[in-house]
Amino acid sequence: MNKRVAILISGSGSNMVALAQSMTGDHPGRACLVLSNDPQAGGLAKARAMGIPTAVVDHRPFKGDRAAFEAALMEPLLAAAPDLIALAGFMRVLTPDFVARFEGRMLNIHPSLLPKYKGLNTHARAIAAGDTEAGCTVHEVTAALDDGPILGQARVPVLPGDTAETLAARILPLEHQLYPAVLRRVLEGKRAPIALP
Ligand code: GRF
């Protein structure tokens, strides 16, 4: 019986596409929902083109009332009955109450080598710090932001002259390898962290 995977997005959804495309054949999971907080998210059209059910809960009408937004988010999410939730470019901070509902069953990809550079502007911060390498991390989502158990990391060199844009472009393809690899392992019951390359 396939596990049902809901994917939450806010933007282009390139990680969502990589995850959804990986869930075929003997893969233990299937995408059951793509849910966005932004009606304009480019990933919604990509999900529809792949035949994946979509839903939108625009966060803006809730004017910062996180609990009310999350209560609205719960409706399509619980209706899809996911076994696992993958945050993929989802840009809303979730409350501890929401996270607790899915503790151990919610993953996120973050564009830094955690625990370094939690939060935003990760690539610019790595460059400013003079780091010689950067990368991305897939981790379990816990109440603390970008802080849960690490399930996988991918590393790239920071090159002279790199900008946040050139570094992001070097890391993104690795995100698209790392996240599907970690997702499959988690669905197979394996949580020991992996490293790419
Ligand atoms: C990626 O850099 C990812 O690490 C971060 O959001 C960015 C956009 O991801 N979480 P996507 O193209 O929307 O999947």
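The shown structure was predicted, so the numbers you read here are calculated from the model rather than taken from an experiment. (Residues numbered from 1 in each chain as written. Predicted model: local features only at pLDDT ≥ 70, side-chain atom pairs only at ≥ 80, totals over all residues. Heavy atoms only, no water.)

## Comments concerning the overall build of the protein
Then comes step 1: If you tally the helices and strands in the protein, you get six helices and eight strands.
Then comes step 2: The C-alpha atoms of the protein give 16 Å as radius of gyration, which agrees with the globular expectation for 197 residues (16 Å, within 12%).
Then comes step 3: Each principal axis of the C-alpha atoms in the protein carries an extent, and together these give about 50 × 45 × 30 Å.
Then comes step 4: Taking all 197 residues of the protein together, the buried fraction comes to 47%.
Then comes step 5: In the protein, of all internal contacts separated by at least 6 residues, the share reaching a separation of at least 24 is 61%.
Then comes step 6: A total accessible area of about 9,100 Å² is found for the protein, and carbon and sulfur atoms account for 58% of it.
Then comes step 7: With 20 positive and 18 negative side-chain charges, the protein shows a separation of 3 Å between the mean positions of the two kinds. (Helix = DSSP H or I, 4+ residues; strand = E, 2+ residues; numbered from the N terminus. Rg over C-alpha atoms; globule rule 2.2 N^0.38 Å. Buried < 20%, exposed > 50% of the residue type's maximum accessible area, 1.4 Å probe, protein only. Contact = heavy atoms within 4.5 Å. Areas by Shrake-Rupley, 256 points an atom, 1.4 Å probe, with all protein chains shown as cover. Lys, Arg positive; Asp, Glu negative; His and termini not counted. Charge placed at Lys NZ, Arg CZ, Asp CG, Glu CD.)

## Observations concerning unusual backbone geometry
Then comes step 1: Residue P115 is bonded to the preceding L114 through a cis peptide linkage, with omega at 10 degrees.
Then comes step 2: The step from L196 to P197 runs through a cis peptide bond, and the omega angle for that step is -5 degrees.
Then comes step 3: Considering the arrangement of structural elements, one finds P197 in the segment after β8 (194-196).
Then comes step 4: A positive phi angle is found at Y117, which is not glycine, with a value near 60 degrees.
Then comes step 5: Looking at the secondary structure, you find Y117 in the loop between β5 (106-110) and α5 (122-128).
Then comes step 6: Phi is positive for D146, which is not a glycine, with a value near 50 degrees.
Then comes step 7: Relative to the helices and strands, D146 is located in the loop between β6 (133-140) and β7 (150-157).
Then comes step 8: Take D146: its relative accessible area is 9%, and that puts it in the buried class.

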